[in-house]
Every structure is written in C-alpha cells, then in structure tokens.
Amino acid sequence: MKKIIGFIAVLMLLSSCATTQRYPNSISSPQKSEKLAYLEYEMARNIILHKDYSRLPEAFKHLNNARNVLEDDPRIYYMIALAYKLRNDSDKYVAYLNESIKKDKNFFDAYNALGIYYYEKKEYQKAIDTFSKLIHNPLYPHADFAFFNRSRVYIKLKKYKKAENDMRSALLFSGYRNRIYWQNLISIQIEEKKYQEALKSLNKMEIYTGASDFTHYSKALCYTNLSMFEKAKKELQHIKESNPDYYALKNRLLEKINAHHSNN
C-alpha cells in the first residue's frame, strides 16, 4: 500500500478536449491562407499524437507554415513543444510550452504539461506553483485534475496533510465518483497509520463506487493493524482467485494474521 498511484497521463490528455473547444477546428473565415494553415496544423497534430517519429520533419514543416499565418494561436506552439518532446529536446519543449502560455495565459494544456514536466524533473516547488495556477483559475474546468496532481507532488515531499486535503478536493470536484482519487486518499491515510479515518473513507467509497477487491483488502489491512482480526478475515473472504494480484495480497495478510495468533 505504500506505493500510491502516480500521475494519470490519460486525465491530462482529457483536458486537451476542453482547451481545444475554445479554438474550434471548423474555420468560418473566408481567408484561404488561414484555412490552409489550420489544415497544416491538423496534419502535424496527427503525426505528433500518433508518435510517427519517421514523419517528424514533415510535422515541423507543417507547423512552421501554420505559424507564419497563425502566429498568435497557442495551439501551434503547444504542438511544436510536443514535437520537440518526441525528439527528447527538453529545453525547447519547455520554451515552447511557455510560448504557448504567452500567447494565451489560459491555455490549460501547457500548464498541465509544465507541471508534469517539473514533477518528473523533481522540481517540486515549480510543479506546485504550476498546478496552483490552474487551481486558482476560475476558468479552468477540471480543477480535480490539478488538485490530484498537486497532491502527488506533496506526497513526494512527504507533506501528507496537504496531500490528503488536495485529494479530498479532487474528490469533491469530481463528484466523488473517481475510484483513483479514492484509492489515493485511502492510501495516504494508511501510510499515515490513520486506520480509523481510512475505514470511514472506504465506507464512503463503497457508497459512491461500490465494493471492490481494493476496498475489501484495504479494510482488512486496516482491521489487521487495529488488531480486529475477525473483521479482517471477513473482508478477505470476498476476494476470489479471479483477481490474482489481490488474491496474493489476501494470502499474505492471512499469513500475518495466523502468525499473530500462533505467537499469542
């Protein structure tokens, strides 16, 4: 349980959908040059998002052509940043992320990408500052992502109280339906040996998302640490062989419980 779930890149990609809605792909402008520029952007985007490394030079060419016409569109600079990331050029990756933010201070994709970059580079304070900007921006539609990610940074810094508070906020903004947020909150509480609080969270999690092998095992772990062994065994009975990972955890915990009884 010590290993708490890390950043979810999929969630970060979902925020792109919200951002691009502010920059519609359907162009109503009669300017032929703009239509062609957006077409080149889309061709480059397709190459980059599919990670077609062999066609990266082509993507750069498309983006440079698009930038000559759409010089104030932050998406162009963001996509150039992603292209440089595929080339493992961190300096230019960060530079173009910042350039996209200069073009639009509310370009949320770039903030997400910067925050994750700083996290991966262990520049934790910069990561906190970046995610905090998203949290405090009333226009950002996915505050739960930012709270979740900032919580992950606090965990790295062993600032568990702040991490727990942020995870609770992530749950609040997600309507309490996100299993990963619940799992992280409970893992933090178990890491801090707050077993009674973890049990309360597990009961709430089951109300919103239903019982699962995670909730049964986590309850059993809490009960074991509270020396409530019969309750622990009762929870473990729900875990079947069909889930080999949790079944192995179940057996190890049963061994621990049986060893305790043998020594007493």
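Keep in mind the model is a prediction, meaning the values are calculated, not measured.

Engineer: Now, about a nonpolar patch on the surface: what can you tell me, with residues and values included?
Structural biologist: On the surface, a nonpolar cluster with roughly 260 Å² of combined accessible area is contributed by Leu36, Leu39 and Met43. On the secondary structure map, leucine 36 appears in helix 2 (residues 32-49). Taking the relative accessible area as the measure of exposure, leucine 36 reaches 44% and is therefore partly exposed.

Engineer: An account of the packing of aromatic side chains is needed here, citing residue identities and associated values.
Structural biologist: For any pair of aromatic rings, the description consists of the separation of the ring centres together with the inter-plane angle of the planes. Applying the stated rule across the entire model yields 13 aromatic pairs. An aromatic cluster of at least three residues, connected via ring pairs, comprises Phe60, Tyr84 and Tyr96.

Engineer: How would you summarise unusual backbone geometry if you had to cite specific residues and measurements?
Structural biologist: Phi at lysine 51 is positive, roughly 50°, even though this residue is not glycine. Within the element layout of this structure, lysine 51 appears in the loop between helix 2 and helix 3 (56-69). By relative accessible area, which is 53% here, lysine 51 ends up exposed. The backbone of lysine 122 shows a phi angle near 65°, a positive value even though the residue is not glycine.

Engineer: Could you give an account of the nonpolar core, with specific residues and numbers?
Structural biologist: With 80 residues, the main nonpolar core has Ile48, Leu63, Ile76, Tyr78, Tyr93 and Leu97 as its most contacted residues. With 10 residues, helix 4 (residues 74-86) is the single largest residue contributor to this core.

Engineer: Mind laying out helix 11 (residues 195-209), listing which residues take part and the relevant values?
Structural biologist: Helix length check: helix 11 (15 residues) gives 20 Å between terminal C-alpha atoms against 21 Å at 1.5 Å per residue, within 8%. Among all positions in helix 11, only Tyr195, Ala198, Leu199, Ser201, Leu202, Met205 and Thr209 are buried. Seen along its axis, helix 11 keeps its buried residues to an arc of 165°; they face one direction. Exposed side chains of helix 11 directed beyond 90 degrees from the buried face belong to Lys200 and Ile207. Looking at the packing, one finds that the buried side of helix 11 touches helix 10 (179-191) and helix 12 (213-225). Looking one or two residues beyond helix 11, the residue adopting positive phi is glycine 210, at roughly 90°.

How each quantity is defined
Residues numbered from 1 in each chain as written. Predicted model: local features only at pLDDT ≥ 70, side-chain atom pairs only at ≥ 80, totals over all residues. Heavy atoms only, no water. Patch = residues over 30% accessible without salt bridge, like charges linked within 9 Å, V, L, I, M, F, W, Y side chains within 5 Å. Areas by Shrake-Rupley, 256 points an atom, 1.4 Å probe, with all protein chains shown as cover. Salt bridge = Lys/Arg side-chain N within 4 Å of Asp/Glu carboxyl O. Helix = DSSP H or I, 4+ residues; strand = E, 2+ residues; numbered from the N terminus. Buried < 20%, exposed > 50% of the residue type's maximum accessible area, 1.4 Å probe, protein only. Phe/Tyr/Trp six-rings, centres within 6.5 Å; stacked < 30°, edge-to-face > 60°. Core = buried A, V, L, I, M, F, W, Y, C linked by side-chain atoms within 4.5 Å. Expected span 1.5 Å × (residues − 1). Arc of directions from axis to C-beta. Contact = heavy atoms within 4.5 Å.

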